[in-house]
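# Survey of secondary and tertiary structure
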Amino acid sequence: MSTEGPATLNPISMDSSDPMGTNGHHGQNVDELSRSLQRFNWPDYLVFVLMLVSCIFIGIYFGYKDHQKHKNRKTARRDSEALDYLVGGRKMKIFPVAVSLVASWISGISLLGTSTEIYVYGTQYCYIVFAVVLMGFAMHYIFLPVFHDLQITSAYEYLQMRFDKRMRVFGSVLFMVACLLWMPVVIYVPALAFNQVTGINIHRVTPIVCLICIFYTSVGGMKAVVWTDVIQSGITLGAILVVLIKGVIDIGGPAVVLERNLAGKRIETPNFDPNPTLRHSVWTMWIGGSVWYTYGVSCSQDMIQRYLSLPTLEDARKASRGFVFGMILVIVLLSSIGMVIFATYYDCDPLTTNLAAAKDQLLPLFVMDIFQNYPGAAGVFVAGIFSAALSSLSSALNALAAITFEDFVKPYFGDKLTEKQIALTLRGSVLIFGIISVIFIYIVEHLGAVMQLTMTLSATSGGPLFGLFVMGILMPWVNATGALYGGLAGFLSMCYLCFRSQASMATGQIIYSTKQMDVSGCTYLYTNSSKPDPTFDEMEKSIHHISYLYFTLFGTIISCIVGSVVSFCNKDADVEPIDPKLLAPFIRKFMEFGVESQEKYPLNNLAPSENTHLDIRQPE
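The text that follows walks through the structure, step by step, so that each part is easy to find. (Residues numbered from 1 in each chain as written. Predicted model: local features only at pLDDT ≥ 70, side-chain atom pairs only at ≥ 80, totals over all residues. Heavy atoms only, no water.)

### Overview of the state of the cysteines
What counts, and what does not: Disulfides are defined as cysteine sulfur pairs within 2.5 Å. Each helix corresponds to a stretch of at least 4 residues labelled H or I by DSSP, and each strand to a stretch of at least 2 residues labelled E; elements are numbered beginning at the N terminus.
Summed over the entire model, instances satisfying the criterion amount to 1 disulfide. Sulfur-sulfur distance for the disulfide between C348 and C522 comes to 2.0 Å. Classification of the bridge connecting C348 and C522 rests on its S-S torsion, roughly 105°, and on that basis the disulfide is right-handed. Highlighted residues: C348 in the loop between α13 (313-344) and α14 (362-370) and C522 in the loop between α18 (480-506) and α19 (551-569), separated in sequence by 174 residues.

The following block contains the structure:
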């Protein structure tokens, strides 16, 4: 079977035994070649600008519609402005919400990080699709029934209902920390891609794009966020498919892609080694990965807000199934692109030659290479990357506005706020958090590969936050005092674990073995300055060497253990009976509630979520 495909990046041939390029001095060097690939012309800028302009108009449209509705309404319910802005009046449709869920999750981090993961480390990561399925079951049977029965707006209202006001504030702060660590990465990634294709400094483009996102999010609210997600998802999916199809055709077909990846040992069978320090194995992905995904969907305000924007529990479950299907599809497509990139550069690794300045610039480099003679194609790709980033950023900003208002402003001011003051608070929150994210980009750019970095940083507050909800929904013996100490213990443990891990990676104390790279077929001049590093297997290992996919699980376990121990030591701390609606449905069935709890919260009063009212529930 032939492995010959169309040649790429081929100014002149060069003797592979001469890495300094002295025998090929008449050819382009790597810097010249890199500049020649930065051809972002007016058709590309036009496509990119049209995407941004469409987001602005969607924000203005929905902002104007809501303004006219509230202006013309003679008798408005209190907080109707917040209800429309944060959860779309709880009248959203299943399809746009399902698409928005996928768009919120699939940021530029996933687009660039997944393909890079396959290229550098192989296809072991692909098996994480089973973790997505496990997450879908957890949402369907455990979390969605609880949240929809309560009809809350902030996910952290639940913590006050189940425990007390302290826990609501604690949960909200943990989520804010998670968002503020995550959003700069979301912005940085597409800027990195833009830098690869245009040469423009990332700190010039990020403020402009962020201001546009802040504008349409603050003006249009949840409806604008969801509908821009739909449009942005279409652009992103189109860009992925175009890149994949063009790459496969150029390389000579799927058979060539498969053959070269097999020869390069990129295609891997499931690794069942239980060693927790392995970066990826079946166990790290199915156990650690499923916990990480479940946390991200069940405890993140931006995701829960979408589920609660739907009128019924059955609608929310359908949207959840759509989310699972969409996630699997995207992971498969991005993994395939990673294999195509390797098949293209199988004998001339652009990372070794420094043609790609960073691992996460591989995909942009590949796009500029294969679309050299197609004006506008690179613009579609960059628009797709930015679309994915904007959808995630707008979701996070809207969620931060929600918890700022619901958990910090509303409980203290209550009826004193006018509709105008509510609108000002919500939109001001979006602006402030957006500016903070832009500032934090200066830190993120020095912290390493984006996908692992994102999962590591999110686990810092994600582990203890997920632990709070697990204790509340699945562990009825845990009281408020136990939950507080458990959450604090989990947070402190994760701060040590995550930041020690990142510091070790930055200083070279943790180095994961990558797949073998080949530069024997390079036809341009480069300087090979790389040197062999010690493998991770040779190093002395500590607790912070566990796979980054286990981090969220570790924080959750610490929180639940400490919470349970403290609760058993303070059994008399909480005397209030538990409302069965605050527990998972199967816990309600198998747990025998005391007489006092039955009298105060009779189980037969649990109406189906399909018939619940649309008002925001106020905790006592």
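Once the structure has been displayed, the description carries forward.
### Quick notes on the environment of T153
Tracing the backbone through its elements, the reader meets T153 in the loop between α6 (129-150) and α7 (157-162). Taking the C-alpha atoms as reference points, T153 and D407, 254 residues apart in sequence, are found 9.9 Å from one another.

### Topic: the pattern of salt bridges
Counted only if it meets this: By definition here, a salt bridge exists when the distance from a side-chain nitrogen of Lys or Arg to a carboxyl oxygen of Asp or Glu is within 4 Å. Residue burial is assigned from relative accessible area. The probe radius is 1.4 Å, only protein chains are included, and a residue is buried under 20% of its type maximum, exposed over 50%, and partly exposed in between.
Under the counting rule described, the total for this entry stands at 6 salt bridges. For R168, the salt bridge identified is with D407, shortest N-O distance 2.6 Å. Here R168, found in helix α8 (residues 165-198), pairs with D407, found in helix α15 (residues 377-413); they are 239 residues apart in sequence, far enough to count as distant. D407 carries the same exposure label as R168, and that label is buried. Note that R321 is salt-bridged to E314, the shortest N-O span being 3.5 Å. By relative accessible area, which is 42% here, R321 ends up partly exposed.

### Side note on helix α4 (residues 94-105)
Convention followed: Here the expected length of a helix is defined as 1.5 Å per residue gap, with one fewer gap than residues.
End to end, α4 covers 17 Å across 12 residues, agreeing with the expected 16 Å (1.5 Å per residue, within 8%). Most of α4 sits inside the fold, with 10 of its 12 residues counted as buried. Turning to α4, its buried residues are P96, V97, A98, V99, S100, L101, V102, A103, S104 and W105.

### Some points on the packing of helix α11 (residues 282-298) against helix α12 (residues 301-308)
Keep this limit in mind: To get an axis, a line is fitted to the C-alpha atoms, and for a helix only the part in contact is used. The angle between two axes follows their N-to-C directions and goes from 0 to 180 degrees. Angles below 35 degrees are treated as roughly parallel, those above 145 as roughly antiparallel, those between 65 and 115 as roughly perpendicular, and all remaining angles as oblique. Contact definition: two residues touch when any of their heavy atoms are within 4.5 Å. The residue classification treats Ala, Val, Leu, Ile, Met, Phe, Trp, Tyr, Cys and Pro as nonpolar and Asp, Glu, Lys and Arg as charged. All others, Gly included, are polar.
The interhelical angle for the contact between α11 and α12, taken along N-to-C directions, is 60°, at an axis separation of 6 Å. By the criterion of interaxial angle, the relationship of α11 to α12 is oblique. For the pair α11 and α12, the contacting residues are G296, V297 and S298 in the first and M303, I304 and Y307 in the second. Taken together, the residues of the contact of α11 with α12 break down into 4 nonpolar, 2 polar and no charged.

### Observations concerning the side chain of T294
To keep it simple, the criterion reads: Polar contacts, as counted here, are pairs of nitrogen or oxygen atoms within 3.5 Å of one another; within protein the pair requires one atom able to donate a hydrogen and one able to accept it, and residues that are adjacent in sequence qualify only if both atoms are side-chain atoms.
Its place among the elements puts T294 in helix α11. Of note is the side chain of T294, whose polar atom sits 2.6 Å from the backbone oxygen of S290. Dropping the residues within four chain positions of it, T294 is found in contact with M135, A138, F143, C299 and F466.

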